[in-house]
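Given next are the chains, with one letter for each unit.
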Amino acid sequence: MVKLLVVDDENEICEFLKSFFEERTYNVMVANSGEQALDVVKQEKPQVVLLDIKMPGMDGIQTLREIKTKFPKTKVIMVTAIETRDKIEECLRLGADNYITKPLSLEYLENDVREKIESTARSN
Amino acid sequence: MGRQQDRITSHLRKRKQILKRFLDAVVLFILTYFIYAVFQLVAGFFFAESPWLRAPVVLLGFSVVIAVLFYKRVDYFIFFAFKRLFLKRSDQYFFALTKLTRDLVNILDLPEVSNLIVNTFGETVGVKTASLMVFDQNEGVYQVISAFGISPSHYLKIRFAVDRPIVDTLRSYAKPLVREKIRKLFPWQEANQLVTEFEILEASCIIPLICNDQLIGSLNLGVQEASKPFRDADIRFFHELAKEIAPVVRNAIMVEELKRANQDLTQVQTELIQSTRLSAIEQLATGLAHEIHNPLTIISGKAQVLLLKKDKKGYDEKVEEVLKTIVKQTKRAADITRKLLMFSQGKGSTREAIAFETIVNDTVALVSYQMALDGIRVVKQIDHHLPVFYGNPTAFREIFLNLLLNAVQAVGKSGTIQISVRYKTLDRAIEIRVADTGIGIQAEHLNQLFNPFFTTRKDATGLGLFVTQQIIHQYSGSIRVESKVGEGTIVIIQLPVDGNGEQENEGPAEYTQQKIAAH
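Thresholds applied
- Residues numbered from 1 in each chain as written.
- Chains lettered and ligands numbered in written order.
- Predicted model: local features only at pLDDT ≥ 70, side-chain atom pairs only at ≥ 80, totals over all residues.
- Helix = DSSP H or I, 4+ residues; strand = E, 2+ residues; numbered from the N terminus.
- Buried ≥ 20, exposed ≤ 12 C-beta atoms within 10 Å, placed from the backbone.
- Contact = placed C-beta atoms within 7 Å.
- Axes fitted to C-alpha atoms, helices over the stretch in contact; angles between N-to-C directions.
- Left-handed = near helix turned anticlockwise from the far one by under 90°.
- Nonpolar A, V, L, I, M, F, W, Y, C, P; charged D, E, K, R; others polar.
- Pairing = 2+ DSSP bridges.
- pLDDT = per-residue confidence, 0-100.

Points about the overall build of chain B
Moving on, step 1. Across its full length, chain B carries 16 helices and 13 strands.
Moving on, step 2. The buried share of chain B, reckoned over its 519 residues, is 30%.
Moving on, step 3. The contacts of chain B with a sequence gap of at least 6 include a subset with a gap of at least 24, amounting to 70%.

Here we look at the packing of helix α12 (residues 356–374) of chain B against helix α13 (residues 393–411) of chain B
Residue and element names in this part refer to chain B.
Moving on, step 1. Between α12 and α13, whose axes approach to 9 Å, the crossing angle comes to 35 degrees. Like other packed secondary-structure pairs, α12 and α13 cross with a definite hand, here right-handed. On α13, the residues that touch I359, V360, D362, T363, V364, L366, V367, Q370 and M371 of α12 are P393, F396, R397, F400, L401, L404, L405 and V408.
Moving on, step 2. Of the residues that constitute the contact of α12 with α13, the class distribution is 13 nonpolar, 2 polar and 2 charged.

Section: the sheet that holds strand β4 (residues 75–80) of chain A
All names here are of chain A.
Moving on, step 1. Taking strand neighbours across the sheet as the criterion, the 5 strands line up as β2-β1-β3-β4-β5 in an open arrangement whose pairing is parallel. Where the open sheet ends on each side, the last strands, each with one partner, are β2 (27–31) and β5 (98–101). Direction aside, the axes of adjacent strands within the sheet are offset by 20 degrees on average.
Moving on, step 2. Summarising the sheet, strand β3 (residues 48–51) and β4 pair through 4 bridges and their orientation is parallel.

Looking at the interface of chain B and chain A
Moving on, step 1. Listed per partner, the contact involves 26 residues of chain B and 22 residues of chain A.
Moving on, step 2. Broken down by secondary-structure element, the contributors of at least two residues to the side of chain B that touches chain A are α10 (232–313), α11 (317–344) and α16 (512–516) of chain B.
Moving on, step 3. Of all the elements, α10 of chain B adds the most residues to the side of chain B that touches chain A, at 14 residues.

A word on the confidence of the model for chain A
Moving on, step 1. Here chain A shows a mean pLDDT of 90. Residues at 70 or above account for 100%.
Moving on, step 2. The spread of mean pLDDT over the elements of chain A runs between helix α4 (residues 85–93) of chain A, the lowest at 82, and β3 of chain A, the highest at 96.

Some points on the pairing of strand β13 (residues 488–496) of chain B
Residue and element names in this part refer to chain B.
Moving on, step 1. Sheet topology places strand β11 (residues 429–436) next to β13; 8 bridges connect them, and they run antiparallel. Counted as the bridge partner of I432 is I493 from β13.
Moving on, step 2. Pairing of strand β12 (residues 478–484) with β13 involves 7 bridges; the strand directions are antiparallel. Residue pairing across strands places K484 opposite G488, the latter belonging to β13.

What follows is the structure, encoded as structure tokens:
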């Protein structure tokens, strides 16, 4: 089963995405902060991480940098409210695999996650 | 000032007055005698028959009257010639330099003051070099700012730190220093250092400029052309003159510093205004985005979940319609904050082809809710075939937003705002007009509109038109406002198209965010 980690400081968003992806037979884990997310990534090694940027404490960009240096195979999709162009460019430079803004198109998100998993499978 | 002027000329006056008296007497005598001789000749020729007209007393009387009448003019020429012929060169430059102090009083521009001083010294005293060194507060050094007989490439490099021997000595000695006398005045080692610095300045005499006990600079004179040393009287005179020149130079320096400070301040103010303004929108937009987009995500998300399930359970058409509307309307709400953020982005100088139509539509969309509430109608007239104009889209969005918000404010309840963008073939310029049927602007406020922080409203910053004007000027454009109280206001902007493309441009580019988030 594909492991997916949803990181957002707003729990309602996490719960919503969890139920959406669980219905589509994903193994969904949830983290509410960057620090928590790093722990989960270390222990569970999810294939895909959906990562919010604006979070108290360690923000999404720092988390992205950590994940990409320690676990470069993990696909990270930034899922965030809008941010400035600088931030978007920084994310892409740090190796984010996509950047999706809220409110989400669920269809697009699901396709994108599937695509990332397939590309991981191909490269393996 | 007057007293100093008296003091400086006092030792000139004695000599000058005696000369003048003597000259007066001689000139009058010669003139009278000359006229008397002419009269005698004329009278002897024409009035031989009437002896009373030939009487010497009558002729002399006439001669005196005429001599006195013409004296002023004759005197001037004779005095001038006399001065040139008989006065020593040094006496001549006494006059020229005294005149210099009078001229200087009316000048406040530092380059002008310093050039006049060095050139007058160079030309009248006949020195090979003359330079003026002043203290630059910004750099904390004494530097030569003007020179006669020294090339700019050389003298502009001359800088003395405040602890250099020459500066120290000038400050404590406070009198003109003559190179030949240094070895008598100072110990050997100090004298050697001073001579080196005299050489740097190409000077044989350095006169300190002291004002309120502070050394503000020095006047450095080279050797005289005839290579003869300065007389003690000359040096004393220069000393007196320096006391006169010093306050003038000090004032000019202060004016110069004020000008510079004012310039810096204006620049800082402009930068501050621009940055605070933009980052405020930016902060507002990202804050709003976070607060609004999360709930919108859930609302839209849950509707999408139901829509995706509909095949399995079979909703009736009405429910499907409602769900689709929810998704569509949440997207629309999100677009507003997205647009708001786009306004604040791209502070850099990226230039791209400006899509006036899109920008106007975006701006109107941002304000449309407010306008609909107030019953304001917007008429847009945008030429579809405008010439390509390169600029910073963020700046142009800001311009339209400023103008539109002003218009909305002016119209208040119900009215019309007309936005037009046209190409004026004759002016070779793109003309933007934003006209409203609002309250209008009072005549006395019209010329203050572009001042920063000028506003008649309590809730406004007064920066809108100021920033707009700054941006327009960057594109060599013009902006003017016409208004009638009670009838409305028109803002007219002209952007010249010629030469616009020559500035660097990066070609049309889409927004990165739109490219990435194309879902």
